[in-house]
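Architecture at a glance
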Amino acid sequence: MTQPPDARPADTGVIHDIGYRGYTGPRLGRAHATRSLFVQSLRAAYGLGRSGRSKVLPMLLLGVVTVPAVIYVAVAVYMKRDELPVEYAGYLSDLGLVVSIFLASQAPVLLSRDLRHHTVPLYFSRPITRADYVRAKFAAMACAQLLLMAVPLLVLYTGALLAGMDFGHNTGQFLDGLAAAVLYALVPTSVALVIAAATPRRGFGVAAIMGYLVVSSTVAAVVVDMRGPSPGGSDAAQWTALISPDGLVESLVNEVFDLGSGFDRRHAPGAFGAAVFALVAVAMVAGSYRLLLRRYSRV
């Protein structure tokens, strides 16, 4: 008896045990994954774990900010000075352009590349959340900036102590410098990360971040210089620093630690101005963080 044309043979497939076993080890969870992402991102900011070409710019900038500190220490030792010829916190304001270049070049490395290569959804598959991703990237870039500024401060501090300079004075100055470094690491970084997260194109991110930081800082400085030493004029012009993350931090640091002199000194106008500048700095960081969370809630 022949089978009908549409009849099919019975399924005789079997499952073979070829020796694979399920994972029975510990599950490290979200905290470990977030911490690993932070470490990987911090390393990437300095080109570690990437190609040799990726290490050139961050390491070069680290050298650029450190060499002047070495020179200051050498000059102070050679001239047998009782203190360094530069304030710790004031030293950071002189590095504004270099720090901006580092931030503009490395912030897109941490965010834009993931968007361009469509790897962000892979992070969110499990176990980390979007908030974990933003938290890790934000902390990594801020720590990278802080490290860039802390190294020359440590060189100044170590050199001063080895030269026999006053311990109490230099320790206080060093702590002031670290406080200023934290502000520089948080405020400009938060704005730069928002810009970097807006585009998957690294080149566009670099240009946009650098353009905003440089143009806003230049405009604020020009306005202060144009008002000149007229009574009350310079203080009124100081409010323009609020449009610039770098200018805002520099003005706040100069006012709090009483740095700088002359009519072109950038500072928050008095105690009220310092309070306003501090509130704007907090709002800028918190607002940027919220914008990042909102950006990645739609990815």
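What counts as what
- Residues numbered from 1 in each chain as written.
- Predicted model: local features only at pLDDT ≥ 70, side-chain atom pairs only at ≥ 80, totals over all residues.
- Heavy atoms only, no water.
- Helix = DSSP H or I, 4+ residues; strand = E, 2+ residues; numbered from the N terminus.
- Expected span 1.5 Å × (residues − 1).
- Bend = angle between axes of the 7 residues up to and from the residue.
- Polar contact = N/O pair within 3.5 Å; in protein donor to acceptor, adjacent residues only side chain to side chain.
- Phe/Tyr/Trp six-rings, centres within 6.5 Å; stacked < 30°, edge-to-face > 60°.
- Buried < 20%, exposed > 50% of the residue type's maximum accessible area, 1.4 Å probe, protein only.

All right, on to helix 7 (residues 167-197) then. Between the first and last C-alpha of helix 7 there are 44 Å, a value that for 31 residues agrees with the 45 Å anticipated at 1.5 Å per step. In helix 7, a bend of some 30° at Thr189 exceeds every other bend along the element. Looking at where helix 7 begins, the residue whose side-chain oxygen comes 3.4 Å from the main-chain nitrogen of Gly168 is Asp166.

Time to look at the packing of aromatic side chains. By convention here, two paired aromatic rings are described through the distance between centres and the angle between planes. Inspection of the entire model under this criterion finds 9 aromatic pairs. Pairing Tyr46 with Phe102 gives two aromatic rings, centres 5.3 Å apart and planes at 40°, and the pair type is tilted. Taken together, the residues Tyr46 in the loop between helix 1 (29-45) and helix 2 (52-78) and Phe102 in helix 4 (residues 96-116) connect sequence positions 56 residues apart. With centroids separated by 5.1 Å and ring planes inclined at 55°, the aromatic side chains of Tyr133 and Tyr296 adopt a geometry described as tilted. Here Tyr133 is found in helix 6 (residues 130-162), whereas its partner Tyr296 is found in helix 11 (residues 270-297), with 163 residues between them in sequence. Just as Tyr133 is buried, Tyr296 falls in that class too. An aromatic cluster of at least three residues, connected via ring pairs, comprises Tyr88, Tyr157 and Phe174.

So, on to unusual backbone geometry. Here the phi dihedral of Lys80 falls at roughly 55°; this positive angle occurs in a residue that is not glycine. Take Lys80: it is sitting in the loop between helix 2 and helix 3 (88-93). Judged by relative accessible area, which is 71%, Lys80 ranks as exposed. In the Ramachandran plot, Asp258 falls in the positive-phi region, its phi being about 55° despite a non-glycine side chain. Of note, Asp258 is situated in the loop between helix 10 (245-256) and helix 11.

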